[in-house]
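Per-entry structural report
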Amino acid sequence: MGCAEQKVAIVTGASRGIGAGLVEAYRKHDYRVIANSRAIEESPHPEVVSVAGDIADPRTAERIIDEALARFGRIDTLINNAGVFIPKPFTLYTYDDYARVTSVNTAGFFGITQQVVAQLLAQGAGGHVITIAATLAEQAHTAVPSALTALTKGGLIAATKSLAIEYAANGIRFNAISPGVVDTPMHSGVDAVTAYAAMHPQHRIGTVSDIVHGALYLEMASFVTGEILHIDGGQSAGH
(Lines give C-alpha, C1' and ligand atoms only; values in the text may rest on other atoms or scores of the structure.)
Protein backbone atom coordinates (compact mmCIF):
# COMPACT_ATOMS: atom_id res chain seq x y z
CA MET A 1 0.00 0.00 0.00
CA GLY A 2 1.43 3.38 -0.99
CA CYS A 3 2.09 6.05 1.59
CA ALA A 4 -0.79 8.22 0.34
CA GLU A 5 -3.17 5.27 0.70
CA GLN A 6 -2.12 4.23 4.19
CA LYS A 7 -4.79 4.86 6.76
CA VAL A 8 -4.16 6.87 9.92
CA ALA A 9 -5.38 6.00 13.41
CA ILE A 10 -5.35 8.15 16.55
CA VAL A 11 -5.07 6.31 19.86
CA THR A 12 -5.48 8.13 23.19
CA GLY A 13 -4.15 6.74 26.44
CA ALA A 14 -1.48 5.10 24.32
CA SER A 15 1.54 4.89 26.60
CA ARG A 16 0.76 1.55 28.26
CA GLY A 17 -1.72 -1.28 28.62
CA ILE A 18 -4.58 -1.38 26.12
CA GLY A 19 -3.47 1.81 24.37
CA ALA A 20 0.07 0.58 23.74
CA GLY A 21 -1.33 -2.71 22.47
CA LEU A 22 -3.63 -0.89 20.07
CA VAL A 23 -0.79 1.25 18.72
CA GLU A 24 1.29 -1.84 17.99
CA ALA A 25 -1.63 -3.72 16.42
CA TYR A 26 -2.67 -0.89 14.11
CA ARG A 27 0.92 -0.31 13.04
CA LYS A 28 1.25 -4.00 12.16
CA HIS A 29 -1.90 -3.63 10.05
CA ASP A 30 -0.15 -0.93 8.01
CA TYR A 31 -1.76 2.06 9.71
CA ARG A 32 0.18 5.15 10.55
CA VAL A 33 -0.55 6.08 14.16
CA ILE A 34 -0.78 9.18 16.30
CA ALA A 35 -0.25 8.03 19.91
CA ASN A 36 -1.32 10.28 22.77
CA SER A 37 -1.07 10.22 26.55
CA ARG A 38 -0.03 12.66 29.24
CA ALA A 39 3.53 11.36 29.26
CA ILE A 40 4.56 9.32 26.25
CA GLU A 41 8.00 8.69 24.81
CA GLU A 42 8.89 9.22 21.19
CA SER A 43 8.41 6.08 19.13
CA PRO A 44 11.37 4.66 17.21
CA HIS A 45 8.99 3.71 14.42
CA PRO A 46 8.79 6.41 11.70
CA GLU A 47 5.06 5.92 11.23
CA VAL A 48 4.12 6.32 14.89
CA VAL A 49 4.02 9.92 16.10
CA SER A 50 3.76 10.60 19.83
CA VAL A 51 1.82 13.63 21.08
CA ALA A 52 2.14 14.17 24.83
CA GLY A 53 -0.65 15.97 26.65
CA ASP A 54 -3.75 15.62 28.78
CA ILE A 55 -6.66 14.70 26.52
CA ALA A 56 -8.96 16.59 28.91
CA ASP A 57 -7.34 19.80 27.64
CA PRO A 58 -8.94 20.91 24.34
CA ARG A 59 -5.55 22.22 23.20
CA THR A 60 -4.21 18.66 23.30
CA ALA A 61 -6.94 17.54 20.91
CA GLU A 62 -6.05 20.40 18.58
CA ARG A 63 -2.38 19.41 18.61
CA ILE A 64 -3.25 15.79 17.87
CA ILE A 65 -5.33 16.77 14.85
CA ASP A 66 -2.72 19.24 13.63
CA GLU A 67 0.06 16.66 13.96
CA ALA A 68 -1.93 13.98 12.14
CA LEU A 69 -2.65 16.26 9.21
CA ALA A 70 0.83 17.78 9.08
CA ARG A 71 2.60 14.41 9.18
CA PHE A 72 0.19 12.14 7.36
CA GLY A 73 -2.40 14.36 5.66
CA ARG A 74 -5.48 12.48 6.81
CA ILE A 75 -7.35 10.78 9.66
CA ASP A 76 -9.31 7.54 9.33
CA THR A 77 -9.83 6.11 12.80
CA LEU A 78 -10.01 7.43 16.35
CA ILE A 79 -9.77 5.13 19.35
CA ASN A 80 -10.89 6.83 22.55
CA ASN A 81 -8.95 4.71 25.02
CA ALA A 82 -7.85 7.27 27.62
CA GLY A 83 -9.75 6.86 30.85
CA VAL A 84 -9.64 7.24 34.62
CA PHE A 85 -10.97 4.59 37.00
CA ILE A 86 -11.49 5.38 40.69
CA PRO A 87 -13.35 2.63 42.57
CA LYS A 88 -14.87 4.07 45.76
CA PRO A 89 -18.10 3.94 47.72
CA PHE A 90 -20.30 6.72 46.37
CA THR A 91 -20.29 8.78 49.57
CA LEU A 92 -16.48 8.79 49.67
CA TYR A 93 -16.01 10.38 46.25
CA THR A 94 -14.72 13.94 46.39
CA TYR A 95 -15.29 16.76 43.95
CA ASP A 96 -11.66 16.34 42.93
CA ASP A 97 -12.44 12.72 42.06
CA TYR A 98 -15.47 13.85 40.07
CA ALA A 99 -13.46 16.49 38.19
CA ARG A 100 -10.64 14.07 37.40
CA VAL A 101 -12.89 11.29 36.10
CA THR A 102 -15.27 13.46 34.09
CA SER A 103 -12.51 15.62 32.62
CA VAL A 104 -10.80 12.64 30.99
CA ASN A 105 -13.65 10.20 30.43
CA THR A 106 -16.24 12.63 29.05
CA ALA A 107 -14.66 16.00 28.29
CA GLY A 108 -11.67 14.25 26.72
CA PHE A 109 -13.97 12.14 24.58
CA PHE A 110 -15.98 15.18 23.54
CA GLY A 111 -13.05 17.35 22.47
CA ILE A 112 -11.11 14.88 20.34
CA THR A 113 -14.17 13.14 18.89
CA GLN A 114 -15.79 16.39 17.80
CA GLN A 115 -12.64 17.52 16.00
CA VAL A 116 -12.03 14.13 14.38
CA VAL A 117 -15.61 13.95 13.11
CA ALA A 118 -15.30 17.43 11.62
CA GLN A 119 -12.16 16.32 9.79
CA LEU A 120 -13.77 13.09 8.59
CA LEU A 121 -16.70 15.08 7.20
CA ALA A 122 -14.28 17.42 5.42
CA GLN A 123 -12.44 14.45 3.90
CA GLY A 124 -15.74 12.97 2.74
CA ALA A 125 -14.57 9.37 2.80
CA GLY A 126 -16.15 8.07 5.98
CA GLY A 127 -14.19 6.91 9.00
CA HIS A 128 -14.40 5.09 12.28
CA VAL A 129 -14.53 5.95 15.99
CA ILE A 130 -14.06 3.25 18.64
CA THR A 131 -14.55 4.11 22.31
CA ILE A 132 -13.37 1.96 25.20
CA ALA A 133 -16.20 1.84 27.75
CA ALA A 134 -16.67 -0.51 30.74
CA THR A 135 -19.06 -3.30 31.65
CA LEU A 136 -19.37 -1.69 35.09
CA ALA A 137 -21.47 1.00 33.42
CA GLU A 138 -24.12 -1.59 32.59
CA GLN A 139 -23.55 -4.40 35.09
CA ALA A 140 -22.63 -3.16 38.55
CA HIS A 141 -20.70 -5.36 41.01
CA THR A 142 -21.06 -5.11 44.76
CA ALA A 143 -17.32 -5.74 45.13
CA VAL A 144 -16.38 -2.82 42.88
CA PRO A 145 -18.31 0.35 43.75
CA SER A 146 -17.74 2.68 40.81
CA ALA A 147 -20.56 5.16 40.30
CA LEU A 148 -18.32 7.65 38.49
CA THR A 149 -17.34 4.97 36.01
CA ALA A 150 -21.02 4.21 35.44
CA LEU A 151 -21.79 7.91 35.06
CA THR A 152 -19.09 8.57 32.48
CA LYS A 153 -18.65 5.31 30.61
CA GLY A 154 -22.40 4.78 30.51
CA GLY A 155 -22.69 8.17 28.86
CA LEU A 156 -20.10 7.18 26.27
CA ILE A 157 -22.06 4.04 25.42
CA ALA A 158 -25.21 6.11 24.91
CA ALA A 159 -23.30 8.69 22.84
CA THR A 160 -21.83 5.93 20.65
CA LYS A 161 -25.31 4.70 19.73
CA SER A 162 -26.54 8.24 19.09
CA LEU A 163 -23.56 9.21 16.93
CA ALA A 164 -23.81 5.98 14.93
CA ILE A 165 -27.29 7.05 13.83
CA GLU A 166 -26.38 10.70 13.33
CA TYR A 167 -23.48 10.03 10.98
CA ALA A 168 -24.50 6.77 9.30
CA ALA A 169 -25.34 8.59 6.07
CA ASN A 170 -21.81 10.06 6.04
CA GLY A 171 -20.16 6.65 6.28
CA ILE A 172 -18.69 7.42 9.72
CA ARG A 173 -19.03 4.42 12.01
CA PHE A 174 -19.15 4.54 15.82
CA ASN A 175 -18.58 1.46 17.97
CA ALA A 176 -17.60 0.78 21.57
CA ILE A 177 -15.79 -1.97 23.41
CA SER A 178 -17.02 -2.61 26.94
CA PRO A 179 -14.40 -4.64 28.85
CA GLY A 180 -14.65 -6.30 32.21
CA VAL A 181 -11.54 -6.32 34.39
CA VAL A 182 -8.47 -6.38 32.15
CA ASP A 183 -4.95 -7.22 33.27
CA THR A 184 -3.33 -3.83 32.71
CA PRO A 185 -1.25 -1.42 34.82
CA MET A 186 -4.50 0.41 35.66
CA HIS A 187 -5.47 -2.52 37.91
CA SER A 188 -2.03 -3.16 39.34
CA GLY A 189 -2.46 -3.76 43.06
CA VAL A 190 -6.22 -3.11 42.95
CA ASP A 191 -8.31 -5.57 44.94
CA ALA A 192 -11.02 -5.45 42.24
CA VAL A 193 -9.08 -7.99 40.17
CA THR A 194 -9.10 -10.61 42.93
CA ALA A 195 -12.67 -9.79 43.91
CA TYR A 196 -13.91 -10.10 40.34
CA ALA A 197 -12.11 -13.40 39.80
CA ALA A 198 -13.67 -14.79 42.98
CA MET A 199 -17.14 -13.72 41.87
CA HIS A 200 -16.72 -15.23 38.41
CA PRO A 201 -14.44 -18.27 38.79
CA GLN A 202 -15.47 -19.59 35.37
CA HIS A 203 -14.05 -16.48 33.68
CA ARG A 204 -10.44 -15.49 33.45
CA ILE A 205 -9.30 -11.88 33.79
CA GLY A 206 -9.26 -10.22 30.39
CA THR A 207 -6.04 -9.40 28.55
CA VAL A 208 -4.90 -6.56 26.35
CA SER A 209 -5.00 -8.91 23.35
CA ASP A 210 -8.72 -9.52 23.97
CA ILE A 211 -9.40 -5.82 23.54
CA VAL A 212 -7.04 -5.46 20.59
CA HIS A 213 -8.71 -8.33 18.76
CA GLY A 214 -12.10 -6.76 19.40
CA ALA A 215 -10.93 -3.42 18.02
CA LEU A 216 -9.49 -5.02 14.90
CA TYR A 217 -12.72 -6.93 14.33
CA LEU A 218 -14.72 -3.69 14.51
CA GLU A 219 -12.17 -1.96 12.28
CA MET A 220 -12.30 -4.58 9.56
CA ALA A 221 -16.07 -5.18 9.72
CA SER A 222 -16.89 -2.10 7.70
CA PHE A 223 -20.64 -2.74 7.88
CA VAL A 224 -20.79 -2.61 11.70
CA THR A 225 -21.85 0.59 13.45
CA GLY A 226 -23.55 1.28 16.75
CA GLU A 227 -22.19 -1.98 18.16
CA ILE A 228 -21.23 -2.28 21.84
CA LEU A 229 -18.80 -5.18 21.96
CA HIS A 230 -18.67 -6.71 25.44
CA ILE A 231 -15.40 -8.42 26.28
CA ASP A 232 -15.43 -10.01 29.71
CA GLY A 233 -12.63 -12.34 30.68
CA GLY A 234 -12.26 -13.65 27.16
CA GLN A 235 -16.03 -13.92 26.69
CA SER A 236 -17.37 -11.51 24.08
CA ALA A 237 -20.82 -10.71 22.74
CA GLY A 238 -22.43 -7.93 20.81
CA HIS A 239 -25.16 -5.75 22.24
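Rules of the game
- Residues numbered from 1 in each chain as written.
- Predicted model: local features only at pLDDT ≥ 70, side-chain atom pairs only at ≥ 80, totals over all residues.
- Heavy atoms only, no water.
- UniProt positions renumbered as here; feature names shortened; annotations may be inferred.
- Helix = DSSP H or I, 4+ residues; strand = E, 2+ residues; numbered from the N terminus.
- Expected span 1.5 Å × (residues − 1).
- Buried < 20%, exposed > 50% of the residue type's maximum accessible area, 1.4 Å probe, protein only.
- Arc of directions from axis to C-beta.
- Contact = heavy atoms within 4.5 Å.
- Pairing = 2+ DSSP bridges.
- Salt bridge = Lys/Arg side-chain N within 4 Å of Asp/Glu carboxyl O.
- Core = buried A, V, L, I, M, F, W, Y, C linked by side-chain atoms within 4.5 Å.
- Right-handed = clockwise from strand over helix to strand, strands pointing away.

- You'll find the protein entered in an unreviewed UniProt entry as 3-oxoacyl-ACP reductase, with Mycobacterium triplex given as the organism.
- Taken verbatim from the UniProt record of the protein, the Sequence similarities (unreviewed entry) comment is "Belongs to the short-chain dehydrogenases/reductases (SDR) family."

**A word on helix α4 (residues 147–166)**
- Helix length check: α4, at 20 residues, gives a terminal C-alpha distance of 28 Å against a target of 28 Å (1.5 Å per residue), a fit within 8%.
- All of the buried residues along α4 are Leu148, Thr149, Thr152, Lys153, Leu156, Ile157, Thr160, Leu163 and Ala164. Take α4 and look down its axis: the buried residues cluster within an arc of 155°, on one side only. Of the residues in α4, the exposed ones pointing more than 90 degrees away from the buried face are Leu151 and Ile165.
- In this fold, the buried residues of α4 make contact with α3 (95–123), β5 (127–132), β6 (172–179) and β7 (228–232).

**Structural notes on the pairing of strand β1 (residues 8–12)**
- Across the five residues of β1, five count as buried, placing the element largely inside the fold.
- Neither face of β1 is open: one carries Val8, Ile10 and Thr12, the other Ala9 and Val11, and all of them are buried.
- Relative to strand β2 (residues 32–37), β1 runs parallel, the two sharing five bridges. Looking at β2, one finds that Ile10 is bridged to Ile34.

**What about the side chain of Gln119?**
- Of note, Gln119 is situated in helix α3.
- Assessed through its relative accessible area of 18%, Gln119 is described here as buried.
- Not counting residues up to four positions away in its chain, the partners in contact with Gln119 are Leu69 and Ile75.

**Observations concerning the pattern of salt bridges**
- Taken as a whole, this structure holds five salt bridges when the rule is applied.
- The shortest N-O distance in the salt bridge between Glu67 and Arg71 comes to 3.5 Å. Of this pair, Glu67 and Arg71 both sit in helix α2 (residues 58–72), four residues apart, which is roughly one turn of that helix.
- Take Glu67: its relative accessible area is 26%, and that puts it in the partly exposed class.
- Note on Arg71: relative accessible area 46%, which makes it partly exposed.
- The partner of Asp76 in a salt bridge is Arg74, and the shortest N-O contact between them spans 2.8 Å.
- Judged by relative accessible area, which is 10%, Asp76 ranks as buried.
- The partly exposed category is assigned to Arg74, whose relative accessible area is 22%.

**Observations concerning the environment of Phe109**
- Of note, Phe109 is situated in helix α3.
- Note on Phe109: relative accessible area 11%, which makes it buried.
- Each residue touching Phe109, except ones within four places of it in the same chain, is listed here: Asn80, Val104, Gln114, Thr131, Leu156, Ala159 and Leu163.

**Quick notes on the nonpolar core**
- Among the nonpolar cores identified, the biggest contains 33 residues, and Ile10, Ile34, Ile64, Ile112, Val116 and Phe174 are the most heavily contacted of them.
- Those elements giving two or more residues to this core turn out to be β1, β3 (48–52), α2, α3, α4 and β6.
- With seven residues, the single largest contributor to this core is α3.
- With near-sequence residues (within four places) excluded, Ile10 lies in contact with Ile34, Ile64, Ile65, Ile75, Thr77, Leu78, Ile79 and Val116.
- Ranked by size, the runner-up nonpolar core spans 27 residues in total, among them Val11, Ile18, Tyr26 and Ile211.

**Quick notes on the pairing of β6**
- Most of β6 is tucked away, with eight of its eight residues classed as buried.
- Across the two faces of β6 the burial is the same, with Ile172, Phe174, Ala176 and Ser178 and Arg173, Asn175, Ile177 and Pro179 all buried.
- One ladder, built from six bridges, connects β5 with β6; its direction is parallel. Along β6, the bridge assignment pairs Gly127 with Ile172.
- Taken together, β5, α4 and β6 form a β-α-β motif whose crossover is right-handed.

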